[in-house]
Amino acid sequence: MVEVAESVWVELHDGAALQAFLQERGCDGTDAVRVTMQVVGCGLVEAQRMFFAAPCRSYELAFHNAVMEGLEQSQTRST
C-alpha cells in the first residue's frame, strides 16, 4: 500500500487526498496512520493529525472524541 500511496503524496502533497485514497482502498485506522507515517516520512503525532483532520475521516474523529470523552468522564467519577 505504501508504494501505491506514495504517488498520491508526491503528486498532491495533500493529507486529505492521501486519506481519501487510503480509505477508498480499505486502509483504515492504525493501518492508515502507519502508511501515512511511511509515505509522508513523519512521526505518529503528525500522522494521527493528518488522519483525523481529513474530511473523509469524520466518523473516525467522532468515534475517537466520544471514546476520549468517556474515558475522561470515567476518571472524573472514580476520583
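Our structure is the block above this text.
Right, let's walk through the structure included here. (Residues numbered from 1 in each chain as written. Predicted model: local features only at pLDDT ≥ 70, side-chain atom pairs only at ≥ 80, totals over all residues. Heavy atoms only, no water.)

### What to know about the nonpolar core
Counting residues in each nonpolar core, the largest one holds 17 residues, and the members touching the most others are A5, W9, L18, L22, V35, V39 and V40. Those elements that place two or more of their residues in this core are helix 1 (2-12), helix 2 (15-24), helix 3 (29-40) and helix 4 (44-53). Among the elements that take part in this core, helix 3 stands out by supplying five residues, more than any other. Not counting the four nearest positions on each side in its chain, V40 is found in contact with W9, L18, E46 and M50. (Core = buried A, V, L, I, M, F, W, Y, C linked by side-chain atoms within 4.5 Å. Buried < 20%, exposed > 50% of the residue type's maximum accessible area, 1.4 Å probe, protein only. Helix = DSSP H or I, 4+ residues; strand = E, 2+ residues; numbered from the N terminus. Contact = heavy atoms within 4.5 Å.)

### Examining helix 3
The periodicity of an α-helix, 3.6 residues per turn, causes residues three or four positions apart to be oriented the same way. Compared with an ideal rise of 1.5 Å per residue, which puts 12 residues at 16 Å, helix 3 spans 16 Å between its outermost C-alpha atoms and is within 8% of the ideal. Among the residues of helix 3, those classed as buried are A32, V33, V35, T36, V39 and V40. For helix 3, the buried positions fall inside an angular range of 165 degrees around the axis, keeping them on one side. Just downstream of helix 3 lies G41, where phi reads positive at about 75 degrees. (Expected span 1.5 Å × (residues − 1). Arc of directions from axis to C-beta.)

### Re the pattern of salt bridges
Scanning all chains against the criterion turns up four salt bridges. A salt bridge links R25 to E24; the nearest nitrogen and oxygen atoms lie 3.3 Å apart. Residue class for E24 comes out exposed when judged on its relative accessible area of 63%. In this structure, R57 engages D28 in a salt bridge whose closest nitrogen and oxygen atoms are separated by 2.6 Å. Residue R57 is found in the loop between helix 4 and helix 5 (58-78), and its partner D28 is found in the loop between helix 2 and helix 3; the two are separated by 29 residues along the sequence. (Salt bridge = Lys/Arg side-chain N within 4 Å of Asp/Glu carboxyl O.)

As far as function goes, none of this settles anything; it's purely spatial.
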